[in-house]
Every structure is written in C-alpha cells, then in structure tokens.
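Secondary and tertiary structure notes
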Amino acid sequence: MRIYVLTLFPKMFEGPFSESVLGRAQDKGIVEIVIRNIRDYATDRHRTVDDYPYGGGAGMVMKPEPLFAAVEAVRKEIASGTEEGATEDGPIILLTPQGRLFSQKSAVTLAAEKELILICGHYGGVDERIREHLATDEISIGDYVLSGGELAAMVIVDAVVRLVPGVLGSEESALGDSHMSGLLQHPLYTRPQSFRGWDVPQPLLSGNHAQIARWRREQSILRTLKRRPDLLENALFSPQEKRMVEEMRRDASK
Ligand code: ADE
C-alpha cells in the first residue's frame, strides 16, 4: 500500500511516521508513506499557497492551483508506477472538521486500498473547488477543530496501516482491538498475579480457554454497556448473549 500525504508542514510527520508500528510497516516494505509539500507545487515567485477569502472575513483560504497540481503529479506518478494493482482512481481524502466522522469501519475500508491520497487542509479552510472537483471524500476525526489536517492524517494513517495484513505480528492482535467486534475491549492483566492487594480475576488463571473466552466476551459487553451503550445497537450477539445483555441492562437500572 502507498499513502501520499499532501501538507504544508512535512516536518510534522517525521517523528510519528518513523516510530513503532508505522516505522516497522515501512521498514518491512509493506507500506510506503510519501510526504509531499504543497508549497512545492505553487508556481508563482512567492510560492503562494493561500489568499484572502472573496467576500471578506477572517483567516486565509488555501488556493486551488497548488493542490490540484500536487494531486495531478501524484496521480501521474501512480499511473506510471510499476506497482502491481496500482490504480488511478483511489480515494483523495480531504481532512476537515466538516467531513464524515472517521471510525474503525472507515479504517477497515481504507486498509483495502492500494493507494490513498490525504490532503491536509490548513488556515481558515480550503477553496470550495477543492472539495467539489478534487477530493473524492472528506473525513473528520472528531467534533473539534484542529489547527490543520496534519494530526488527523496521522491518526488515519496509523489506524489504517495497523490493519494492513502483515503489519502486526499476528492478525489476532488487530482483531482483538476495541471496536473491531463493535464492542470495547475486555480488561487485560499481566504479572504480578497480585499487585498491592488487587488480584487478577480467577477465570484468567483457570487455564480453561473456553472459560477465559466467555469471561472476556462478558466483560467486553459489560464495559460497552457501561461506557458506550450506543455501540450495542450495532453489535452482533448470539441469542444467549442477547438475554445476557438484557439482564445486564436490568441490573444496571436497579
Ligand atoms: N482539520 C481541522 N480539524 C479537523 C478534524 N477534526 N478532523 C479532520 N481534519 C481537521
């Protein structure tokens, strides 16, 4: 998979993309992350990337020309690339607080793409023609405003890359994550068995795999019910689990 990030602040990505899972995914050659400076595609003498908004108002607006040029250059590169399965119609995603909300489901969908192009918006916003005629998708990582799309792009790249096969040590480590099953993750414990009088729950010490799996599933459901009951609406349950959820709900309302 190849991910292009178009930004006015390439240096912001140096640390986050070189460490941990993202660093290893690139070292292994499973994922290539290419950072492009939008300013390099400005053609005027001052390499202008933004301008005042028509009609007035606070803040500067990102101009369309450099961004269109940057995306077109990247697309050309993809088309001429030798990478197997390279496509010219992968998503071009604008990061903006006005986009659809990012979720684990979006991460799973994006992880199946061969190429992604992420555009980091900045300043007061971007020229509307970028939204209408360049971006194929607009994504927000939450209902708050960041100073730019860079941190949002990092969040998305991290969530997506860890789902690409081969990136994590075992597929299971992503499957067990919170949200993958539509539920929050169960509690985890490691040694010591007793710490300051707080003991590891008995089922985890039983050595009985079925009992452990049952306990974990129950804890996941319980935790989701307490913290994020909204998630239970879309989670898949066996008939037996459905009865358990009802029971937990009744207990919780007592
Ligand atoms: N740019 C500024 N705020 C953002 C957000 N919440 N999500 C994505 N991009 C952004």
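Report follows, based on the coordinates.

How each quantity is defined
- Residues numbered from 1 in each chain as written.
- Predicted model: local features only at pLDDT ≥ 70, side-chain atom pairs only at ≥ 80, totals over all residues.
- Heavy atoms only, no water.
- Axes fitted to C-alpha atoms, helices over the stretch in contact; angles between N-to-C directions.
- Helix = DSSP H or I, 4+ residues; strand = E, 2+ residues; numbered from the N terminus.
- Parallel < 35°, antiparallel > 145°, perpendicular 65-115°, else oblique.
- Left-handed = near helix turned anticlockwise from the far one by under 90°.
- Contact = heavy atoms within 4.5 Å.
- Nonpolar A, V, L, I, M, F, W, Y, C, P; charged D, E, K, R; others polar.
- Near = heavy atom within 4 Å.
- Polar contact = N/O pair within 3.5 Å; in protein donor to acceptor, adjacent residues only side chain to side chain.
- Areas by Shrake-Rupley, 256 points an atom, 1.4 Å probe, with all protein chains shown as cover.
- 1 Å grid on protein atoms, 1.4 Å probe; cavity = no way out; pocket = protein on both sides within 12 Å on 5 of 7 lines; lining within 4 Å.
- Sits in = over half its atoms within 2 Å of the grid points.
- Buried < 20%, exposed > 50% of the residue type's maximum accessible area, 1.4 Å probe, protein only.
- Pairing = 2+ DSSP bridges.
- Points joined across faces, edges and corners; volume = space filled by probe spheres on them.
- Domains from an automatic or database assignment.

For the pair helix H4 (residues 104-111) and helix H6 (residues 150-161), interaxial distance at closest approach is 8 Å and the crossing angle is 70°. Here H6 runs roughly perpendicular to H4, going by the angle between their axes. The two elements H4 and H6 meet at a crossing, and its hand is right-handed. Note on element contacts: H6 touches H4 through Ile156, Ala159 and Val160, opposite Ala107, Leu110 and Ala111. Residues that form the contact of H4 with H6 fall into these classes: six nonpolar, no polar and no charged.

We now examine the site of the ligand. Not every one of the 13 residues close to the ligand is listed here, only the nearest: Thr96, Ile141, Gly142, Tyr144 and Leu146. With respect to the ligand, the backbone of Ile141 contributes an N or O atom lying 3.0 Å from a nitrogen atom. Note that a nitrogen atom of the ligand is positioned 3.2 Å from one of the backbone N or O atoms of Gly142. When the ligand is considered free in solution it has 260 Å² of accessible area, and contact with the protein chains removes 97% of it. Taken atom by atom, the bulk of the ligand overlaps the second largest pocket. Taken together, the residues of the shell around the ligand sort by class into eight nonpolar, five polar and no charged.

The buried count for strand E6 (residues 115-120) comes to six of six residues, which makes it a mostly enclosed element. Here E6 shows two buried faces, one formed by Glu115, Ile117 and Ile119 and the other by Leu116, Leu118 and Cys120. Where strand E1 (residues 2-7) and E6 come together, five bridges link them in parallel fashion. Within the sheet, the bridge partner assigned to Tyr4 lies in E6 and is Ile117. Note that strand E5 (residues 92-101) and E6 share four bridges and pair parallel.

Turning our attention to the layout of surface pockets. Considered as a void within the structure, the largest pocket measures approximately 420 Å³ in volume. In terms of lining, the largest pocket is formed by Ser103, Gln104, Lys105, Val108, His179, Met180, Gly182, Arg228, Asp230, Leu231, Asn234 and Ala235. Looking at the lining of the largest pocket, the elements with two or more residues in it are H4 and helix H9 (229-232). With three residues, the top contributor of residues to the lining of the largest pocket is H4. When its residues are assigned to classes, the lining of the largest pocket shows four nonpolar, five polar and three charged. Split by domain, the lining of the largest pocket shows at least three residues from each of two domains, domain 1 (2-161) and domain 2 (194-253). Put simply, the second largest pocket is a space of about 340 Å³. Along the walls of the second largest pocket sit 23 residues, with Leu95, Thr96, Pro97, Val145 and Leu146 positioned nearest its centre. Those elements giving two or more residues to the lining of the second largest pocket turn out to be E5, strand E7 (125-126) and strand E8 (137-140). By residue number, the principal contributor to the lining of the second largest pocket is E5, which donates five residues.

We now examine the sheet that holds strand E4 (residues 61-62). Within a beta sheet, neighbouring strands are joined by backbone hydrogen bonds and run either parallel or antiparallel to one another. Pairing within the open sheet is mixed, and its three strands lie in the order E3-E4-E7. Since the sheet does not close on itself, it has two edges, and those belong to strand E3 (50-51) and E7, each with one partner. As paired elements, E4 and E7 share two bridges and run parallel to each other. Paired with Met62 across the two strands is Val126, which belongs to E7.

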